[in-house]
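# A structural walkthrough
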Amino acid sequence: MANLKVFRNKIISILANTCTQKVLRTGYLLVPLIIIYACLCFYISWSHIPDRNITAEISALGYCSDSSYCNFRINIDAVGMSEQHKDSICDNYVEIANHPLYARRIELPDSFYQVFKPICLANEKYLEKMKSFYSLNYECGSTMSAKLPKEQENETLYTYCSNLTFNYASNPKWKGNGAEKITYGNGLIAFNETYGSGYLRFKSNLFNQVPRLWSRWDITQSNVSLRLKCNNIRCDTISLEFFGASLFSEMYPRPDYINMSRIEFTDSIKINEIISKGLRFHVEFVQLREMAETRIIVLTSILSLALSLIGSIIYKRFLE
């Protein structure tokens, strides 16, 4: 009986050792396989050229004049400028210049009250003195990988007010549209019966992400789409700033001004063409090429080590 127990224990020991060896062999292979899979996923994601899409509509309401105008300033931070400047340097904005001479009255539509009703009620004593209103609706989208905030920020109802001007900008909200992540919101600026100017800012934080070695998109280039609409107000300038050395593709209409990091349109015919048909072009970010090359070298080195480890494990565990 004792011999039978010893024999049984030996059988169990042999089986346990065999299973353990198989598990260890599998484990030895599993780690480098996971590393290889992760490297391949990074390689694929780095080939994705992101789209950055800007849509903005400005409307003049109340007492409006043909002498009033607006300028669009679009700031696309693809090189990490926002990390160095914590203020609003990388925000987009519309500059409004109000000239009330020879003004005509444009009725405020129902849609205006639907959007800005809480603002109007909370600031009624200021808004009742205002004559000229300029409203902004915007969407800034990107196909870069980004996690949307779980909770929307609470709306801010009280804003900058005086007897001459009123300015409000909504907190940005977020939504998803397939692969595209979108920031959207609105703003309002109003003037009394005076000359004046002001700014309507709007956020683009989803596509102003700081580039990192592990960023899962092609950090060296992007497609840009711009769609603008101006109702009852003239647009004098459209400017796009990229905050770093950039190479721009051919586009139609051709910019009136191009430098290392910025393009600008000032010709009224070209601006009307953009407003009616939009603008789309490709841009390369020269100063990020070194970072892109560095991460390729690092990832290739890790992949080579993982493949060498797999070859060594297969030879020692299965072929010897």
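Predicted, not measured: the structure shown is a model, and the values here were computed from it.

## Digging into the pattern of salt bridges
Following the criterion strictly, the structure yields 10 salt bridges and no others. In this structure, Arg-280 and Asp-51 form a salt bridge, with 3.6 Å as the shortest nitrogen-oxygen distance. Linking Arg-280 in strand E16 (residues 279-285) with Asp-51 in strand E1 (residues 51-64), this pair joins segments that are 229 residues apart in sequence. Take Arg-280: its relative accessible area is 47%, and that puts it in the partly exposed class. For the salt bridge of Glu-139 with Lys-175, the shortest nitrogen-to-oxygen distance reads 3.0 Å. Residue Glu-139 is located in strand E5 (residues 132-142), and its partner Lys-175 is located in strand E8 (residues 173-177); the two are separated by 36 residues in the primary sequence. The partly exposed category is assigned to Glu-139, whose relative accessible area is 31%. Residue classification places Lys-175 among the partly exposed positions, given a relative accessible area of 33%.

## Here we look at helix H5 (residues 268-277)
Sitting at the head of H5, Asp-267 places a side-chain oxygen 3.0 Å from the backbone nitrogen of Ile-269. Once H5 ends, the next one or two residues include Gly-278, with phi positive near 85 degrees.

## Some points on the environment of Ile-96
Within the fold, Ile-96 resides in strand E3 (residues 92-98). Residue classification places Ile-96 among the buried residues on the basis of a relative accessible area of 0%. Remark: the alpha-carbon pair of Ile-96 and Phe-72, spanning 24 residues in sequence, is separated by 9.1 Å. Apart from residues no more than four positions distant in its own chain, Ile-96 is found in contact with Ile-58, Tyr-69, Cys-70, Tyr-134, Ile-189, Phe-191, Gly-196, Ser-197, Gly-198 and Ile-233.

## A word on the confidence of the model for the protein chain
Within the protein chain, residue pLDDT values average 81, and 80% of them lie at 70 or more. Here helix H1 (residues 2-45) stands out as the least confident element of the protein chain, with mean pLDDT 64; strand E15 (residues 262-265) is the most confident, with 96.

## A closer look at the pairing of strand E7 (residues 165-169)
Only one face of E7 is covered, namely the one carrying Phe-166 and Tyr-168; the face carrying Thr-165, Asn-167 and Ala-169 has none of its residues buried. Here five bridges tie E7 to strand E9 (residues 180-191), and the two strands are oriented antiparallel to one another. Bridge pairing in E9 links Ala-169 to Gly-187.

## Remarks on unusual backbone geometry
With an omega dihedral of 0 degrees, the bond running from Tyr-252 to Pro-253 counts as a cis peptide bond. Relative to the assigned elements, Pro-253 resides in the loop between strand E13 (246-248) and strand E14 (257-258). Despite not being glycine, Asn-232 has its phi angle at roughly 65 degrees, a positive value. Relative to the helices and strands, Asn-232 resides in the loop between strand E11 (221-231) and strand E12 (234-241). Phi at Phe-243 takes a positive value of approximately 65 degrees, unusual for a residue other than glycine. Here Phe-243 shows up in the loop between E12 and E13. Its relative accessible area of 17% is what places Phe-243 among the buried residues.

Rules used in this analysis
Residues numbered from 1 in each chain as written. Predicted model: local features only at pLDDT ≥ 70, side-chain atom pairs only at ≥ 80, totals over all residues. Heavy atoms only, no water. Salt bridge = Lys/Arg side-chain N within 4 Å of Asp/Glu carboxyl O. Helix = DSSP H or I, 4+ residues; strand = E, 2+ residues; numbered from the N terminus. Buried < 20%, exposed > 50% of the residue type's maximum accessible area, 1.4 Å probe, protein only. Polar contact = N/O pair within 3.5 Å; in protein donor to acceptor, adjacent residues only side chain to side chain. Contact = heavy atoms within 4.5 Å. pLDDT = per-residue confidence, 0-100. Pairing = 2+ DSSP bridges.

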